[in-house]
Amino acid sequence: MIAHWPTALRTGGTRARRGARLLRETPMIPLAIIGVIVLGAIFAPFLAPYDPVKIDLTHALKPPFFQEGGSTAHLLGTDKLGRDVLSRLIYGGRISLVVAGAVIVVGGGIGTFLGLISGYSARRLDAVIQRGVEAVLSLPTIMVALVFVYVVGQSLLSVILVLSPFIAARFTRMVRGDVLRIREHNYVALARVAGASDARIIFRHILPNVASTIIVIATLEIGAIILVEASLSFLGVGVPAPTPAWGLMIADGREYLSTKYWMSLFPGLAIMATVLSINWIGDWLRDILDPKRQFV
Amino acid sequence: MARYVAGRVGQALVSLLVIATLVFFLVRLTGDPVRLLLPDFAPPEFIAHLRQTMGLDRPIWEQYLGFLGQLIRFDLGDSFNGQPVMDVLLDHLPATATLAVAALLVASLIAVPLGILSAVYKGSFVDTVARTIALLGQSVPSFWLAIILILVFGVALAWFPVAGRTGLSSYVLPAIAMGWAAVAGLVRITRSSMLEVMDSDYIRMARAKGLPTRIVYVKHGLRNAIIPVLTFAGLLVGAFMNGSVVVENVFAWPGIGKATLDAVKIRDFPVVQGAVILSALFYISINLVVDLLYAVVDPRIRYRR
């Protein structure tokens, strides 16, 4: 088993040497990519060369700078309405990150809470929660999202609301599994003997021990959320146009694909780079925080 | 055993009931569907009549009970154009089902050999490649992959048709687009299952008695390692039902996913509702069958708790 743990986890060597190893195995490239995207999203108004929704038909369908007919005025070209692709790409990161962040906070929060309760409480309550989790997990996410968004209207909020239960269900299941294991530990029994309330045991003794699981799932789920959000935008039921969202940009460029590929190519690369980096970081976190669940 | 089966089937039925309830109320959160079918200037008595024929004037709980009663009889109601929803979905099912099988085939052909190789040559270059492919599989949006495939193999090279279901060759691109997302999970599960098996005594035994390496890996290793992989592959069918909405939309594939999206656009509730229930039913049934098969094979599961 030990043989394929990341070397940073192996004991031995001085503290400094272990630190150096940890640093060496830190995935710098994905962290840098995520850093760029996050900073871009935060400082979009200062970084984006143009207004992402401003229509300029005289400059429509300009190719990127490296291609004939392109210029450095529009580094990644323009779309069919003459909107600057680079600017829309920078702003588009906002949508992906806001949706992912909000869903993780809402869904992950609810899921963690339910997972703690479900794992700690008596069979009956546990069974009720688990049936609910099973039901949600067997629903097709995208189909349900289609229905929900059409029903309550297209908005950032409805995307967040419809994705949260799915993430909550996944959190509940994982956290519950951990709690079932942790509550058998002696320190939990001791806390009970010492007269600690259930709430105290759950939040002071069990929660800190599931924290690493939560961090790992959260990271890996962010990638999944970004992909689903992009799919919804692509299908036309995500954040409403003209707000720049990556999935929407790909859909907009679809009809021009064979000649004006850049409208769809760059947002696709942006999604891929973001999700790939997040998953990569997630895998790394799992290796260092939760060796049992690594890429075995 | 009987007790375990009864309990497990009961659980599945409860899940279905929860889903049916969720779907029923979710779909009715909206305004009045009659308004969408008729123009604004439609006379009020006409609206009232249509509402009555569609049963939308009855109290909500009556509609709900009627809905459950129909479900038990595998009746998903009528589409707003009068066709039974079950017929609409069954018409589109073959296209989705065959595509899902094709996608599973594509995913397995890529993932299983890769998973085995990366387990056998753990820590080697192959392992790194497998890990990278697994990461890529999780990170590429399927709709984007779909349009890139169309661009390269459909338009530029013109090797495969890019829209519709016209023959065997029309399956290639949609199957790749749909199967790709499953590669990551399959590689991981094949690799970990294979690693676990290879650590067992009977593999050491097989090696010790001098069997050729290939036979050890394939006959003794893979045959035992494949069970979790098959389980996972079964569950992927559910994931493909979900992915079908996106991929079928890009390839104009006449399946359930496209039918659902089309139905959503005209707010044909019964069809949308039916599609969600049907795909949840698939998922739950497959899960149930897998669990029961496990219990047959492994008595420890039957007696737990």
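Draft legend 1. View of the overall build of chain B. Counting its secondary structure elements, chain B contains 13 helices and zero strands. Its helices and strands taken in sequence order, chain B reads α-α-α-α-α-α-α-α-α-α-α-α-α from the N to the C terminus. When its C-alpha atoms are laid out on the principal axes, chain B stretches across 85 × 60 × 30 Å. With 305 residues in all, chain B has 39% of them scored as buried.

Draft legend 2. Structural detail: the overall build of chain A. The helix and strand inventory of chain A stands at eleven helices and zero strands. Element order for chain A, N to C, with α for helix and β for strand: α-α-α-α-α-α-α-α-α-α-α. When the backbone C-alpha atoms are referred to their principal axes, chain A occupies close to 75 × 55 × 30 Å. Here the analysis covers contacts within chain A between residues at least 6 apart in sequence; of these, 68% occur between residues at least 24 apart.

Draft legend 3. Region of the structure containing the interface of chain A and chain B. Counting from both sides, the interface comprises 39 residues of chain A and, opposite them, 43 residues of chain B. Put simply, the parts of the chain that give the side of chain A that touches chain B at least two residues each are α5 (123-138), α6 (141-152), α9 (198-235) and α11 (262-289) of chain A. The greatest single-element share of the side of chain A that touches chain B, amounting to ten residues, is contributed by α6(A). A class-by-class count of the residues in the side of chain A that touches chain B yields 26 nonpolar, ten polar and three charged.

Draft legend 4. Inspection of the domain arrangement of chain B at higher detail. Residues and elements named next belong to chain B. The domain boundaries assigned to chain B delineate domain 1 (2-72) and domain 2 (85-297). Placing the centre of domain 1 and that of domain 2 at their C-alpha centroids yields a distance of 33 Å. With 13 residues of domain 1 in contact, the opposing surface of domain 2 contributes 13 residues. Going through the elements one at a time, α1 (2-27) and α2 (33-37) are the ones with two or more residues in the side of domain 1 that touches domain 2.

Draft legend 5. Representation of the confidence of the model for chain A. Residues and elements named next belong to chain A. Counting all residues, the mean pLDDT for chain A is 84, and 93% of those residues have values of 70 or more. Confidence, read as mean pLDDT per element, is least for helix α1 (residues 15-25) in chain A (73) and greatest for helix α4 (residues 85-120) (93). Per-residue pLDDT stays below 50 along residues 1-8; that stretch engages in 15 contacts with residues further than four places along the chain or on separate chains.

Draft legend 6. Looking closely at the packing of helix α8 (residues 172-198) of chain B against helix α10 (residues 213-251) of chain B. Residue and element names in this part refer to chain B. Contact pair α8 / α10: the axes reach a minimum separation of 8 Å and the direction vectors enclose 160°. Taken together, the axes of α8 and α10 lie roughly antiparallel to each other. Of the two possible hands of crossing, α8 and α10 adopt the one that is right-handed.

Draft legend 7. Layout of α11(A). Helix length check: α11(A) (28 residues) gives 40 Å between terminal C-alpha atoms against 40 Å at 1.5 Å per residue, within 8%. A large share of α11(A) lies buried, amounting to 21 of its 28 residues.

Draft legend 8. View of the nonpolar core. Of all hydrophobic cores here, the largest spans 157 residues; its most connected members are Ala145(A), Leu146(A), Leu163(A), Ile225(A), Ala146(B) and Val276(B). For this core, the leading source of residues is α9(A), giving 17 residues. Residues lining this core come from more than one domain, with at least three contributed by each of domain 1 (2-72) and domain 2 (85-297) of chain B. Among residues more than four places away in sequence, those in contact with Ala146(B) are Ala177(B), Val247(B), Val250(B) and Phe251(B).

Draft legend 9. Seen up close, unusual backbone geometry. All names here are of chain B. One non-glycine residue with positive phi stands out, namely phenylalanine 74, at about 55°. Mapped onto the elements, phenylalanine 74 comes out in the loop between α4 (60-72) and α5 (85-120). By C-beta crowding, phenylalanine 74 is classed as exposed, having 8 other C-beta atoms within 10 Å. The backbone of alanine 252 sits at a positive phi, close to 50°, despite the residue not being glycine. Locating alanine 252 in the fold gives a position in the loop between α10 and α11 (256-265).

Draft legend 10. Layout of the environment of Ala156(B). Residue and element names in this part refer to chain B. As for its placement among the helices and strands, alanine 156 is situated in helix α7 (residues 142-156). What makes alanine 156 exposed here is the crowd of 10 C-beta atoms within 10 Å. Put simply, alanine 156 and arginine 207 are 51 residues apart on the chain and 50 Å apart in space, counted from C-alpha to C-alpha.

Draft legend 11. Quick look at the packing of α5(A) against helix α7 (residues 156-182) of chain A. Residue and element names in this part refer to chain A. Running from N to C, α5 and α7 cross one another at 130°; their axes reach a closest spacing of 9 Å. By the angle class used here, α5 and α7 are oblique. The crossing of α5 and α7 is left-handed. Touching Ile129, Val133, Val136 and Leu137 of α5 are Pro165, Phe166, Ala169, Thr172 and Arg173, all from α7. A per-class count over the contact of α5 with α7 returns seven nonpolar, one polar and one charged.

Draft legend 12. Structural context of the confidence of the model for chain B. Residues and elements named next belong to chain B. Mean pLDDT over chain B: 82, with 92% of residues reaching 70 or higher. Mean pLDDT values over the elements of chain B span from 60, in α2, up to 89, in α5. This prediction of the complex comes with two scores: 0.85 for pTM and 0.81 for ipTM.

Draft legend 13. Geometry of the environment of Leu163(A). Relative to the helices and strands, Leu163(A) resides in helix α7. When the C-alpha positions of Leu163(A) and Thr141(A) are compared, they lie 7.6 Å apart, and in sequence the two are 22 residues distant.

Draft legend 14. Local environment of the environment of Ile29(A). Residue and element names in this part refer to chain A. Here isoleucine 29 lies in helix α2 (residues 28-42). Owing to 10 C-beta atoms within 10 Å, isoleucine 29 belongs among the exposed residues under this scheme. For isoleucine 29 and proline 140, which are 111 residues apart along the polypeptide, the C-alpha to C-alpha distance reads 34 Å.

Reading the values: rules and limits
- Residues numbered from 1 in each chain as written.
- Chains lettered and ligands numbered in written order.
- Predicted model: local features only at pLDDT ≥ 70, side-chain atom pairs only at ≥ 80, totals over all residues.
- Helix = DSSP H or I, 4+ residues; strand = E, 2+ residues; numbered from the N terminus.
- Buried ≥ 20, exposed ≤ 12 C-beta atoms within 10 Å, placed from the backbone.
- Contact = placed C-beta atoms within 7 Å.
- Nonpolar A, V, L, I, M, F, W, Y, C, P; charged D, E, K, R; others polar.
- Domains from an automatic or database assignment.
- pLDDT = per-residue confidence, 0-100.
- Axes fitted to C-alpha atoms, helices over the stretch in contact; angles between N-to-C directions.
- Parallel < 35°, antiparallel > 145°, perpendicular 65-115°, else oblique.
- Left-handed = near helix turned anticlockwise from the far one by under 90°.
- Expected span 1.5 Å × (residues − 1).
- Core = buried A, V, L, I, M, F, W, Y, C linked by C-beta atoms within 7 Å.

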